[in-house]
Amino acid sequence: MTATASSGRPATADGRAELAPGTAPTDPRFVNDDLLPVPVAERRWTTYNFAALWVGMAHNIPSWMLASGLVALGMDWKQAVLTIALANVVVLLPMLLTGHAGPKYGIPFPVLARASFGLRGANLPALIRAGVACAWFGIQTWIGGQGVFILLDKVFGGSWAEASRIGGQPWTLWLCFVLFWALELAIIYRGMDALRRFENWAAPFVIVGALALLVWITVKAGGLGPLLDQPSRLGWGADFWPVFFPALMGMIAFWATLSLNIPDFTRFGAGQRAQVWGQTLGLPTTMTLFALLSVLVTSGSQAVYGAPVWDPVALAAKADNVFGLLFALVTVLVATLSVNIAANVVSPAYDLANLAPKFVNFRTGALITGVVGVLIMPWKLTATPELYIFTWLGLVGGLLGTVAGILIADYWLVRRTALDLEGLYRADGPYWYRGGWNPAAVLAFAVGGVLAVGGSHSAPGTGPFPEDGLIPFLKPLADYGWAVGLAASLLLYTALMKRRGASPSSSRSS
């Protein structure tokens, strides 16, 4: 049963719109099969599919290192879990707001960005998101390959580490990295339905693996007592808050990438209920429980080994039997695959397709992502918790928060969720603005971005920024980069668009 949307295009009774038969746009500058709206009949992802997606993405080595890294920075387990739980409740809201356009219109993130940035201007946020994803792909792939290498080296009695070296690393490590890289691309190359099936079974398997690691360290520590008794080195006073706020922004920034491109997944949703409940049940609960597991295990490692072991691969390598090592190996493989192909390949594949639809489709974009991820090789970002949480995630979070503010302002405050679906693919449509660029979005991004990251600073010897900040008077804002960027761009963009007379009630307003 279909109804007619206010814009004159067919829509389901619950408001999901699609292109009318025979009206698919054909301009090769802005259209290919992967960027067109998903037909309503093919939007089949259920609440479980979305929840399983988040379980699979949350249970991975870098997110483990987030939680255990807070313990390494001096928090106790209660402080670390509180920080992560709060961050994921906060980031869930923009996730649901941007995700709304997916089930309603069936469009991916770069096409949604055309409404606010313009048909050509959408390449700006798309390329920022793609660049971040490629860097994350490199981080995750290196961590996964390194994990396989460490565990296999243990299985073979240390002989792998003694292999001849190429580029300063054992050739066996390069082999593990290349094989892991190829396996990731092989899965995503089969398409989004293959990804959905993989996440469905990967999610429960990784949970079992994490619980097994907790049981093992609990036995080694002589019970849960030592895990829970490790004190905070920061307390709850003056030493805690300077760590808490930048750490909170870092935790938010970890999923700020997905808060932008979540329409890449929700466009396959069976309805708003599926994406809202699936994400609500999947993200904050999963991340909080996984954080609890990781901080308990890290606290246990401190009780057993005298110092916190915040890398789960290094900790698993301390197992003293082959079965335990092989189980840890498979868990590392599945956990890293499940997040990397979903979070760090899907988005840049669509983003790169948006840049040159005539030449790049989803599969080609995925392959380009894989190559760029290898060329970047940014594994050094995880060398210390300070560099990983404060520098990398803080900088990324500020920029992505700025983009999120513009998308949310345009879709919810300016247009009230009403989009001209055909116009998102036409140069003569309402989203062409000035030569394909919306000056209001560009200005809001520039101002929000400077406010968010302009004060970025590093303690001596711990990062790339000056101690007093890139722009010293903005240094006080740096610890709140994501929130500052989102709020500033949202308010400025809304004011600029209202001033130019954009009508919130018209789906053709620009």
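Residues numbered from 1 in each chain as written. Predicted model: local features only at pLDDT ≥ 70, side-chain atom pairs only at ≥ 80, totals over all residues. Heavy atoms only, no water.

## Quick word on the overall build of the chain
For step 1, the next point in the chain: If you tally the helices and strands in the chain, you get 19 helices and 4 strands.
For step 2, the next point in the chain: Out of the 510 residues in the chain, the part that is buried amounts to 59%.
For step 3, the next point in the chain: When the accessible surface of the chain is totalled, it reaches about 18,900 Å², and 67% of it is carbon and sulfur. (Helix = DSSP H or I, 4+ residues; strand = E, 2+ residues; numbered from the N terminus. Buried < 20%, exposed > 50% of the residue type's maximum accessible area, 1.4 Å probe, protein only. Areas by Shrake-Rupley, 256 points an atom, 1.4 Å probe, with all protein chains shown as cover.)

## Considering the packing of aromatic side chains
Here the distance between the centres and the angle between the planes together describe a pair of aromatic rings.
For step 1, the next point in the chain: On inspection of all chains with the given rule, the structure shows 15 aromatic pairs.
For step 2, the next point in the chain: Taken together, Trp236, Phe240, Trp241, Phe244, Phe245 and Tyr480 form an aromatic cluster joined through their ring pairs. (Phe/Tyr/Trp six-rings, centres within 6.5 Å; stacked < 30°, edge-to-face > 60°.)

## Section: the confidence of the model for the chain
For step 1, the next point in the chain: With 87% of its residues at a pLDDT of at least 70, the chain reaches an overall mean of 81.
For step 2, the next point in the chain: Overall, residues 1-8 carries pLDDT values under 50, and its contacts beyond four positions in sequence, including any with other chains, amount to 10 contacts.
For step 3, the next point in the chain: Predicted confidence is poor over residues 504-510, with pLDDT under 50, and the contacts of this stretch with residues over four places away or in other chains come to 25 contacts. (pLDDT = per-residue confidence, 0-100. Contact = heavy atoms within 4.5 Å.)

## A word on helix 18 (residues 439-453)
For step 1, the next point in the chain: For helix 18, spanning 15 residues, the distance from its first C-alpha to its last is 21 Å, which sits close to the expected 21 Å at 1.5 Å a residue.
For step 2, the next point in the chain: The set of residues buried in helix 18 consists of Ala440, Ala441, Ala444, Phe445, Gly448, Gly449, Ala452 and Val453. On an axial view of helix 18, the arc spanned by its buried residues comes to 150°, and they lie on one face. (Expected span 1.5 Å × (residues − 1). Arc of directions from axis to C-beta.)

## A short note on the packing of helix 6 (residues 123-155) against helix 15 (residues 346-355)
For step 1, the next point in the chain: Put simply, helix 6 and helix 15 touch, their axes get as near as 9 Å, and they point 145° apart. Classified by chirality, the crossing of helix 15 by helix 6 is left-handed. Contacts between helix 6 and helix 15 pair Asn123, Ala126, Leu127, Arg129, Ala130 and Ala133 from the former with Ser347, Pro348, Asp351, Leu352, Asn354 and Leu355 from the latter.
For step 2, the next point in the chain: Class assignment of the residues belonging to the contact of helix 6 with helix 15 gives a composition of 7 nonpolar, 3 polar and 2 charged. (Axes fitted to C-alpha atoms, helices over the stretch in contact; angles between N-to-C directions. Left-handed = near helix turned anticlockwise from the far one by under 90°. Nonpolar A, V, L, I, M, F, W, Y, C, P; charged D, E, K, R; others polar.)

## Comments concerning the side chain of threonine 266
For step 1, the next point in the chain: Relative to the assigned elements, threonine 266 resides in helix 11 (residues 263-266).
For step 2, the next point in the chain: For threonine 266, a relative accessible area of 0% gives the class buried.
For step 3, the next point in the chain: Polar contacts involving the side chain of threonine 266 include one to the main-chain carbonyl oxygen of glycine 99, which spans 2.9 Å. (Polar contact = N/O pair within 3.5 Å; in protein donor to acceptor, adjacent residues only side chain to side chain.)

## A few points about the nonpolar core
Proteins that are soluble and globular tend to have nonpolar side chains buried together.
For step 1, the next point in the chain: Of all hydrophobic cores here, the largest spans 133 residues; its most connected members are Trp255 and Tyr493.
For step 2, the next point in the chain: Among the elements that take part in this core, helix 10 (residues 241-261) stands out by supplying 12 residues, more than any other.
For step 3, the next point in the chain: Excluding residues that lie within four positions of it along the chain, tryptophan 255 makes contacts with Trp54, Met57, Ala58, Asn88, Val91, Met95, Leu283, Met287 and Val339. (Core = buried A, V, L, I, M, F, W, Y, C linked by side-chain atoms within 4.5 Å.)

## Quick notes on helix 12 (residues 272-305)
For step 1, the next point in the chain: An ideal rise of 1.5 Å per residue puts 50 Å on 34 residues; helix 12 measures up with 48 Å between its terminal C-alpha atoms.
For step 2, the next point in the chain: A bend of about 25° at threonine 286 is the largest found in helix 12.
For step 3, the next point in the chain: Downstream of helix 12 by a residue or two, glycine 306 has a phi angle that is positive, lying close to 85°. (Bend = angle between axes of the 7 residues up to and from the residue.)

## Quick notes on the packing of helix 15 against helix 16 (residues 362-376)
For step 1, the next point in the chain: Taken N-terminus to C-terminus, the directions of helix 15 and helix 16 make an angle of 115°; their axes are 7 Å apart at the nearest point. In this structure, helix 15 meets helix 16 at a crossing whose hand is right-handed. Contact with helix 15, carried on its side by Val346, Pro348, Ala349, Tyr350 and Leu352, involves Phe362, Gly365, Ala366, Ile368 and Thr369 of helix 16 and no other residues of that element.
For step 2, the next point in the chain: For the contact of helix 15 with helix 16, the per-class residue count stands at 8 nonpolar, 2 polar and no charged.

## A look at the side chain of serine 489
For step 1, the next point in the chain: Along the polypeptide, serine 489 turns up in helix 19 (residues 481-499).
For step 2, the next point in the chain: Take serine 489: its relative accessible area is 0%, and that puts it in the buried class.
For step 3, the next point in the chain: Within the local environment of serine 489, its side chain forms a polar contact with the backbone oxygen of threonine 402, the two atoms lying 2.7 Å apart.
For step 4, the next point in the chain: Residue contacts for serine 489: discarding those within four places in its chain leaves Gly401, Thr402, Gly405, Ile406 and Ala444.

## Section: a nonpolar patch on the surface
For step 1, the next point in the chain: The grouping of Ile166, Trp171, Leu175 and Leu179 at the surface amounts to a nonpolar patch, some 390 Å² of accessible area in total.
For step 2, the next point in the chain: Broken down by element, the nonpolar patch gets its largest block of residues, 3 residues, from helix 7 (residues 171-189).
For step 3, the next point in the chain: Tracing the backbone through its elements, the reader meets tryptophan 171 in helix 7. (Patch = residues over 30% accessible without salt bridge, like charges linked within 9 Å, V, L, I, M, F, W, Y side chains within 5 Å. Salt bridge = Lys/Arg side-chain N within 4 Å of Asp/Glu carboxyl O.)

## Here we look at the environment of glycine 121
For step 1, the next point in the chain: Assignment of secondary structure puts glycine 121 in the loop between helix 5 (109-117) and helix 6.
For step 2, the next point in the chain: Each C-alpha atom of the pair glycine 121 and tyrosine 433 lies 9.5 Å from the other, and the pair is 312 residues apart in sequence.
For step 3, the next point in the chain: Not counting residues within four places of it along the chain, the set of residues in contact with glycine 121 comprises Gly436 and Trp437.

## Concerning unusual backbone geometry
For step 1, the next point in the chain: Not every positive phi belongs to a glycine, and arginine 416 is a case in point at roughly 55°.
For step 2, the next point in the chain: Structurally, arginine 416 can be placed in the loop between helix 17 (385-414) and helix 18.

## What about the pattern of salt bridges?
For step 1, the next point in the chain: Under the counting rule described, the total for this entry stands at 3 salt bridges.
For step 2, the next point in the chain: Between aspartate 27 and arginine 29 there is a salt bridge whose closest N-O contact spans 2.8 Å.
For step 3, the next point in the chain: Notably, a salt bridge pairs arginine 426 with aspartate 428, separated by 2.9 Å at the nearest N-O pair.
For step 4, the next point in the chain: Look at arginine 426 and you get partly exposed, because its relative accessible area is 23%.

## A short note on empty space enclosed by the protein
For step 1, the next point in the chain: This model, assessed by the stated rule, comprises 1 cavity of 30 Å³ or more.
For step 2, the next point in the chain: Of all the secondary structure elements, the ones that give two or more residues to the lining of the largest cavity are helix 6, helix 10 and helix 14 (322-343).
For step 3, the next point in the chain: Broken down by element, the residue count for the lining of the largest cavity peaks at 4 residues, all from helix 10.
For step 4, the next point in the chain: For the lining of the largest cavity, the residue count by class is 6 nonpolar, 3 polar and no charged. (1 Å grid on protein atoms, 1.4 Å probe; cavity = no way out; pocket = protein on both sides within 12 Å on 5 of 7 lines; lining within 4 Å. Points joined across faces, edges and corners; volume = space filled by probe spheres on them.)

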